[in-house]
Amino acid sequence: QVQLVESGGGLVQPGGSLRLSCAASGSVFSIYAVAWYRQAPEKQRELVAKLTMGGYATVADSVKGRFTIYRDSDKNTVYLQMHNLKLEDTAVYHCNLYSDDEDYWGQGTQVTVSS
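This text gives an overview of the structure that appears in the document. Please read these numbers as outputs of a predicted model, since none were measured by experiment. Per chain, residue numbering runs from 1 following the sequence as it is written. Reporting of local features is limited, given that this is a predicted model, to residues whose pLDDT is at least 70; pairs of side-chain atoms are given and counted only at 80 or more, and all residues count toward the totals for whole chains, interfaces and linings. Only hydrogens and water are set aside; all other atoms, that is, all heavy atoms of the structure, feed into the side-chain values.

Only Phe, Tyr and Trp rings are paired, with Trp represented by its six-membered ring, and only when their centres lie within 6.5 Å; those with planes under 30 degrees apart are stacked, over 60 edge-to-face, the remainder tilted. This model, assessed by the stated rule, comprises three aromatic pairs. Between Y32 and Y104 the ring centres are 5.9 Å apart and the planes differ by 85 degrees, which places this aromatic pair in the edge-to-face class. Taken together, the residues Y32 in the loop between β3 (18-24) and β4 (33-39) and Y104 in strand β10 (residues 103-105) connect sequence positions 72 residues apart. The exposure class assigned to Y32 is buried, which follows from its relative accessible area of 7%. For the exposure calls, accessible area comes from a 1.4 Å probe over protein chains only, and a residue counts as buried if that area is under 20% of its type's maximum, exposed if over 50%, partly exposed in between. In this structure Y104 comes out as buried when scored by relative accessible area, which is 10%. Their ring planes at 50 degrees and their centres at 5.2 Å tell us that Y37 and W105 sit as a pair that is tilted. Of the two residues, Y37 is situated in strand β4 and W105 in strand β10; the sequence distance between them amounts to 68 residues. The class of Y37 is buried, set by a relative accessible area of 18%. Overall, W105 belongs to the partly exposed group, its relative accessible area being 33%. We call a charge positioned above a ring when the Lys NZ or Arg CZ atom is no farther than 6 Å from the ring centre and deviates by at most 35 degrees from the ring normal. Over the ring of Y37 we find R45; its NZ or CZ atom is 5.1 Å from the centre of that ring. For the purposes of this entry, the term helix denotes a DSSP run of H or I that reaches at least four residues, the term strand denotes a run of E that reaches at least two, and both are numbered from the N terminus.

Right, here's the structure in full:
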């Protein structure tokens, strides 16, 4: 069983930056891919970024050029660096660790972009 703990959310003004962290309980990145999702009120969950076991990163078009996903395997942590935040980035952000057979989620961290 893998435990995931997200942190780093908060209130930020438009144009600001935040870095979200997702700490995993153990050395998992050689076994699982990882993704960040977000869900705003009354909206469907949206895939924001993902990182394969081999380190290949992709991000959604809505955040391209602003968000970056990366990991620190020594710290068993994956990050979502967010720049130039917009009002529409407001959501609960969840970390997801997955393989063909397993799927783990963190509890989520709230990001609120507001002036």
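Alright, that's what it looks like, and here's the rest.
Let us now look at the nonpolar core. Counting residues in each nonpolar core, the largest one holds 31 residues, and the members touching the most others are W36, L80, M82, Y93 and L97. Elements supplying a minimum of two residues to this core: β3, β4, β5 (46-51), β7 (67-72), β8 (77-82), β9 (91-98) and β11 (109-113). With residues up to four places along the chain from it excluded, the contact list for Y93 reads E6, L20, W36, Y37, R38, V48, F67, L80, M82, G108, T109 and V111. Put simply, a nonpolar core is a bunch of buried Ala, Val, Leu, Ile, Met, Phe, Trp, Tyr and Cys residues held in one set by side-chain atoms that sit within 4.5 Å of each other. Should any heavy atoms of two residues lie within 4.5 Å, those residues are considered in contact.

Let us now look at the pairing of β7. We treat two strands as partners when DSSP finds at least two bridges between them. Two strands pair when backbone bridges link them, and β7 and β8 are joined in this way by six bridges, in the antiparallel orientation. The partner of F67 across the bridge, within β8, is M82. From the end of β7 to the start of β8, which pair antiparallel, there are four residues, and N76 there has a positive phi angle of about 50 degrees.

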